[in-house]
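Summary of structural features
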Amino acid sequence: MTNEHAFVYSGHAFRLVLEPDPRGQYQVAVDWMAQPDQATRLPQDADPYATAEEALRHGQQQAMRWVHDRTGDGQGQA
């Protein structure tokens, strides 16, 4: 599994970066890609996850919440 994953949601591009730790757990960093070469890192908001898949899923959910907080009512209503 690669460490960087592209994710697009509601017209916003994100880069999800998996960061494994020495204990075998995973943290995910979420970058909003305003432009292809201009990343803004979202704050990390959780403890490490047991699997890479779980960390990626959380990163996707964090990106979706970020979009909803800026474009709708925060409840998925854009």
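It should be noted that the structure appears before, not after, this text.
Let me begin by describing the structure that accompanies this report. A quick note: this is a predicted structure, and the numbers were derived from the prediction, not measured.

**A short note on the pairing of strand S1 (residues 4-9)**
Here is the key point about a regular strand: its side chains alternate between the two faces of the sheet. As paired strands, S1 and strand S2 (residues 12-20) are joined by six bridges and run antiparallel to one another. Bridge pairing in S2 links His 5 to Leu 16. Between the antiparallel neighbours S1 and S2 lie two residues, among them Ser 10 with a positive phi of about 50°.

**Some points on the pattern of salt bridges**
For the structure on display, the rule yields four salt bridges. Of the charged contacts in the structure, one is a salt bridge between Arg 23 and Asp 21, with a shortest N-O distance of 2.9 Å. The exposure class assigned to Arg 23 is exposed, which follows from its relative accessible area of 62%. The partner of Arg 41 in a salt bridge is Asp 31, with the nearest N and O atoms 2.5 Å apart. Taken as a pair, Arg 41 in strand S4 (residues 38-41) and Asp 31 in strand S3 (residues 26-35) lie far apart in primary sequence, ten residues in all. Classification of Arg 41 as partly exposed rests on a relative accessible area of 47%. Several salt bridges converge on common partners, so that one network encompasses Arg 15, Glu 19, Asp 31 and Arg 41.

**A few points about the nonpolar core**
Nonpolar side chains tend to gather and get buried jointly when the protein is soluble and globular. Among the nonpolar cores identified, the biggest contains 14 residues, and Phe 14, Leu 16, Leu 18 and Val 30 are the most heavily contacted of them. Taken together, the elements giving at least two residues each to this core come down to S2, S3 and helix H1 (52-71). Counting residues per element, this core draws most heavily on H1, at six residues. Discounting residues that sit within four places of it in the chain, Phe 14 has contacts with His 5, Ala 6, Phe 7, Val 30, Asp 31, Trp 32, Met 33, Ala 63, Trp 66 and Val 67.

**Focus: the side chain of Gln 27**
Structurally, the position occupied by Gln 27 is in strand S3. Of the residues examined, Gln 27 reaches a relative accessible area of 16% and is grouped as buried. One polar contact links Gln 27 to Gln 44, side chain to side chain, over a distance of 3.4 Å. Setting aside residues no more than four positions away along its own chain, Gln 27 makes contact with Val 17, Leu 18, Glu 19, Gln 44, Ala 46, Asp 47 and Pro 48.

About the criteria used
Residues numbered from 1 in each chain as written. Predicted model: local features only at pLDDT ≥ 70, side-chain atom pairs only at ≥ 80, totals over all residues. Heavy atoms only, no water. Pairing = 2+ DSSP bridges. Helix = DSSP H or I, 4+ residues; strand = E, 2+ residues; numbered from the N terminus. Salt bridge = Lys/Arg side-chain N within 4 Å of Asp/Glu carboxyl O. Buried < 20%, exposed > 50% of the residue type's maximum accessible area, 1.4 Å probe, protein only. Core = buried A, V, L, I, M, F, W, Y, C linked by side-chain atoms within 4.5 Å. Contact = heavy atoms within 4.5 Å. Polar contact = N/O pair within 3.5 Å; in protein donor to acceptor, adjacent residues only side chain to side chain.

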